[in-house]
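One-letter residues, chain by chain:
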Amino acid sequence: MKSGKEDKIKTWEQYASKLVSFSSQYGTEGKKMSMKKIEGVPEYMYNCGIHPKSAVFRTYGSWWSFLPYHKEYGPIGNSPKWFISKDFFVVELETPVYLTEIKLYESLSPGGLVRILVSDYKTEIPTKSISKWKTIWKGKPKAISPQQYRIFVPKIPTHSKRSIAVKYIRFEFNDNLCEYYHALDGIKFIGYEYSKGKKASDYLKKRIFSSVKVSVPRKMLENLKLEEKPAPPKPVEETTKPELQNYFEILPDEVISMILNFITDLNDLYQTRLVCSKFNNTIPLILLSQLNLQPYYKTVKGSHLEQILERSPALIKLNLSWCGINNYITSTSFESSLRHISNLTHLAIRNCPFIDDDALSHISTSCPNLVYLDAFHAGEGTTILNLEIIYPLVQLEYLDISSCSIKVSERVQIFNYLTNIKWFLAGGTVAYYNHELWSDILKNMIDNCSGVRGVNFWRHPHLRWFFEFVKTFGETLEYLDLGWCDINLTNPPGEIESWHTFLKDFSAATPNLKSLLLTAVRPEIKLETWKVISKNWPHLTQLDILGATEITFEGLVELLTGCKKLTFLDLSYVRSNDLNEDSFKMLQDMFPSCSIKSVMLDMMPKALDHENVDLYEVRQ
């Protein structure tokens, strides 16, 4: 951090001092390519590729939405057109300032930033009770060459008398158009120093917050604060047929509900109640089926949630992802809300900070019919969750606890109860008190489950029982993520002699496999291996073999010719003597229906020249 010249206005240049929260990350906490790397000063510039010191989100592009389980369950509820955010992170500044400029250092696949929000500085407010968020910039995602280093400088509003000193900044991204992982190396913040007792008008009479407006259900939420009105008295039966008020009265409620389902903005949906009594009576039917509150995470409070759910007693699908910031929703208010929706079958609580053991207990007791539970990064990774609490959810078919921090007793029994599980995702999950947890879970699934269709063990080393797992569920397996796992070919001893034998037996045992991610497992795949697996995997649509060795052009042609449904192939960082930029381009031209990723690492990054860094700036 450094200050400007000693004059009436003191300017400060600083970088993110602390990562407060985030939605997902490629690495694990404190390790390579984790979001923690967004802190501090950028040190290097990379011509192309991801460096271990970069901050990287877990996903990119749209191909993730085509994974087998996404097709089956799909998103919960509709999203308004203005809400396009997929990932986020929040950073804290060491010194609160009146912002004048933000510089985002992007080293790979730039163009995903869609919104920037800031919070005013309050000296007595803890991290999770940050004041209201205000949008200072928003844009649309752009498709930019992944091999382009740039420093993005969004145009933010200037100061006014109502300006606030900023300490927390939230960045939201949509990487659907990115060709590869979006890598970030740091953020520079420039602004006027905040001094206690001074107002914004004491600095410059410029404007920091523009009239950027986001459609949020403010009126709806204000209305919910009112006390419930008593139910209207039942109309007295008339002997004569009442006069028709409007043609909407003729239509059945189901038809009205179907029409109104096309309204994606929750605020607009509630406003339609004013059209006529028929609409007012039908609106609750919309909320009975499914409700998506994620776009309104900034404003939804526990009292609002309870009143909404109280009016929707038969709701079966609910998305609360990102909700609960600023302590707006607590474990207690969450419990009160769940009492009204005992028929819930689908629940998404991704990145909800209020999720703890009490919240999980409320879910288990109030929602016994759950078949889908998405708890990705629930508790924001700082709360250690007891996985044994969800044992009563015996009907669960889909469970995602990726990026959570969990604890389980030494004797793993979770699948003694969850015998109906079909999809189990635990990538990047940190396990406490049981270092053999993931091997024990595989064994527990083998002994108790049937028809498992997909698992995600991203970044879990030493998976014992994996070969037995494949033999047990091979016929039903459609999705398998073993990225960064340590697959020991001699475990069990003497069963596997080489990668060729492993892949031959593995592909023969999994004829219905659609998605296989072997990121950084570094298998040796020769021509004869490709010939075997291309015949055994006719339904394969996605294959990630990042870092594989012994790859040849002829072998890839064999794969792409045999696996005609293949739409995604990641060959980044592969080791090969006959593959280069031209051969990758030729492959793409030969098989245009398959998106081939071939990013290579810049092994010799240059030190970032902060004196001439303006050459890489892109302003908007």
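Residues numbered from 1 in each chain as written. Predicted model: local features only at pLDDT ≥ 70, side-chain atom pairs only at ≥ 80, totals over all residues. Heavy atoms only, no water.

## Topic: unusual backbone geometry
Even without being a glycine, H377 presents a positive backbone phi close to 55°. Its place among the elements puts H377 in the loop between β15 (372-374) and β16 (384-386). With a relative accessible area of 2%, H377 lands in the buried category. (Helix = DSSP H or I, 4+ residues; strand = E, 2+ residues; numbered from the N terminus. Buried < 20%, exposed > 50% of the residue type's maximum accessible area, 1.4 Å probe, protein only.)

## Some words on the sheet that holds strand β18 (residues 405-407)
Across the sheet, three strands lie side by side as β16-β18-β20; this open sheet has parallel pairing. The sheet is open, and its two edges are formed by β16 and β20 (430-432), each paired on a single side. Averaged over all adjacent pairs, the angle separating strand axes in this sheet is 35°, with direction ignored. Two strands pair when backbone bridges link them, and β18 and β20 are joined in this way by three bridges, in the parallel orientation. Bridge assignment links S405 to a residue of β20, and that residue is V430. (Pairing = 2+ DSSP bridges. Axes fitted to C-alpha atoms, helices over the stretch in contact; angles between N-to-C directions.)

## Here we look at the sheet that holds strand β26 (residues 595-597)
Whenever strands of a sheet pair, they do so through backbone hydrogen bonds, lying parallel or antiparallel. Read from one edge of the open sheet, 12 strands run β12-β13-β14-β15-β17-β19-β21-β22-β23-β24-β25-β26, paired in parallel fashion. Edge positions in the sheet fall to β12 (290-292) and β26, since each has one partner strand and no second. On average, each strand axis in the sheet is inclined to that of its neighbour by 5°, with strand direction left out of account. As defined by bridge partners, strand β13 (residues 317-319) adjoins strand β14 (residues 346-348) across three bridges and the pair is classed as parallel. The partner of L318 across the bridge, within β14, is L347.

## What to know about the side chain of Q542
Position of Q542 among the secondary structure elements: in strand β24 (residues 542-544). Look at Q542 and you get buried, because its relative accessible area is 2%. Within the local environment of Q542, its side chain forms a polar contact with the backbone oxygen of W63, the two atoms lying 3.0 Å apart. A polar atom in the side chain of Q542 sits 3.0 Å from the side chain of S515. In this structure Q542 touches W63, F66, L67, K514, S515, L516, L566 and F568, once residues within four positions along its chain are discounted. (Polar contact = N/O pair within 3.5 Å; in protein donor to acceptor, adjacent residues only side chain to side chain. Contact = heavy atoms within 4.5 Å.)

## Quick look at the side chain of E478
One can find E478 in the loop between α11 (466-473) and β22 (479-481). Those residues within four positions of E478 in sequence are excluded, and the remaining contacts are P68, W423, R453, N512, L513, K514 and S515.

## Concerning the nonpolar core
Grouped together as the largest cluster of nonpolar side chains are 109 residues, with contacts concentrated most on F334, I355, L399, F424 and M445. For this core, the element with the highest residue contribution is helix α10 (residues 437-448), accounting for six residues. Among all residues touching F424, those that are not within four sequence positions of it are L399, I401, F415, W438, I441, M445, G454, V455, N456 and F457. Counting 29 residues, the second largest nonpolar core, distinct from the first, contains F89, V97, L99 and V166. (Core = buried A, V, L, I, M, F, W, Y, C linked by side-chain atoms within 4.5 Å.)

## Some remarks on the environment of F88
As for its placement among the helices and strands, F88 is situated in strand β6 (residues 87-108). A relative accessible area of 3% means that F88 is categorised as buried. Put simply, F88 and F173 are 85 residues apart on the chain and 6.0 Å apart in space, counted from C-alpha to C-alpha. If sequence neighbours within four positions are ignored, F88 has contacts with S21, F22, S23, F57, R170, F171, E172, W322 and N351.

## A short note on the packing of aromatic side chains
In total, this model carries 39 aromatic pairs according to the counting rule given. Consider the rings of W82 and F83, whose centres lie 6.0 Å apart with planes at 85°: the pair is edge-to-face. For W82, a relative accessible area of 25% translates into the label partly exposed. We classify F83 as buried; its relative accessible area is 8%. Three or more aromatic residues link up through ring pairs in this structure, and these residues are Y26, Y60, W63, W64, Y180, Y181, W458, W484 and F568. The positively charged end of R58 is found above the aromatic ring belonging to W458, 3.5 Å away from the centroid. Geometry around W484 places R459 over its ring, the cationic atom sitting 4.4 Å from the centre. (Phe/Tyr/Trp six-rings, centres within 6.5 Å; stacked < 30°, edge-to-face > 60°. Lys NZ or Arg CZ within 6 Å of the ring centre and 35° of its normal.)

## Re the confidence of the model for the protein
Looking at the protein, the pLDDT average stands at 82 and 79% of residues meet or exceed 70. Taken as a whole, residues 123-129 scores under 50 in pLDDT and shows 11 contacts with residues more than four places along the chain or in a different chain. This model gives residues 218-229 a pLDDT under 50, and the stretch forms 19 contacts once residues within four places in sequence are excluded. (pLDDT = per-residue confidence, 0-100.)

## So, empty space enclosed by the protein
Within this structure, the stated rule accounts for two cavities of 30 Å³ or more. In this structure, the largest cavity spans a volume of roughly 70 Å³. For the largest cavity, the full set of lining residues is L360, L373, A375, L385, L387, I390, L399, I401 and I406. In terms of residue class, the lining of the largest cavity is made up of nine nonpolar, no polar and no charged. In this structure, the second largest cavity spans a volume of roughly 40 Å³. Lining the second largest cavity we find L503, L516, L518, I525, W530, I533, W537, L543 and I545. Class assignment of the residues belonging to the lining of the second largest cavity gives a composition of nine nonpolar, no polar and no charged. (1 Å grid on protein atoms, 1.4 Å probe; cavity = no way out; pocket = protein on both sides within 12 Å on 5 of 7 lines; lining within 4 Å. Points joined across faces, edges and corners; volume = space filled by probe spheres on them. Nonpolar A, V, L, I, M, F, W, Y, C, P; charged D, E, K, R; others polar.)

## Notes on the pattern of salt bridges
Side chains that differ in sign of charge can pair as their charged atoms come close. Counted by the stated rule, this structure contains 18 salt bridges. Across the pair D481 and R58 runs a salt bridge whose closest N-O atoms are separated by 3.2 Å. Here D481, found in strand β22, pairs with R58, found in the loop between β5 (55-56) and α1 (68-73); they are 423 residues apart in sequence, far enough to count as distant. Looking at R58, the relative accessible area reads 9%, which means it is buried. With its nearest N and O atoms 3.0 Å apart, the salt bridge here joins R453 to E478. A residue pair is termed long-range when its members are at least 10 positions apart, and R453 in the loop between α10 and β21 (454-456) and E478 in the loop between α11 and β22 qualify at 25 residues. The exposure class of E478 is buried, given its relative accessible area of 11%. Overlapping salt bridges, with partners in common, bring together E72, R453, E478 and K514 in one network. (Salt bridge = Lys/Arg side-chain N within 4 Å of Asp/Glu carboxyl O.)

## Notes on helix α12 (residues 499-509)
Buried within α12 we find W499, T501, F502, L503, F506 and S507. At its buried positions, α12 is contacted by α11, β22, β23 (515-517) and α13 (527-536).

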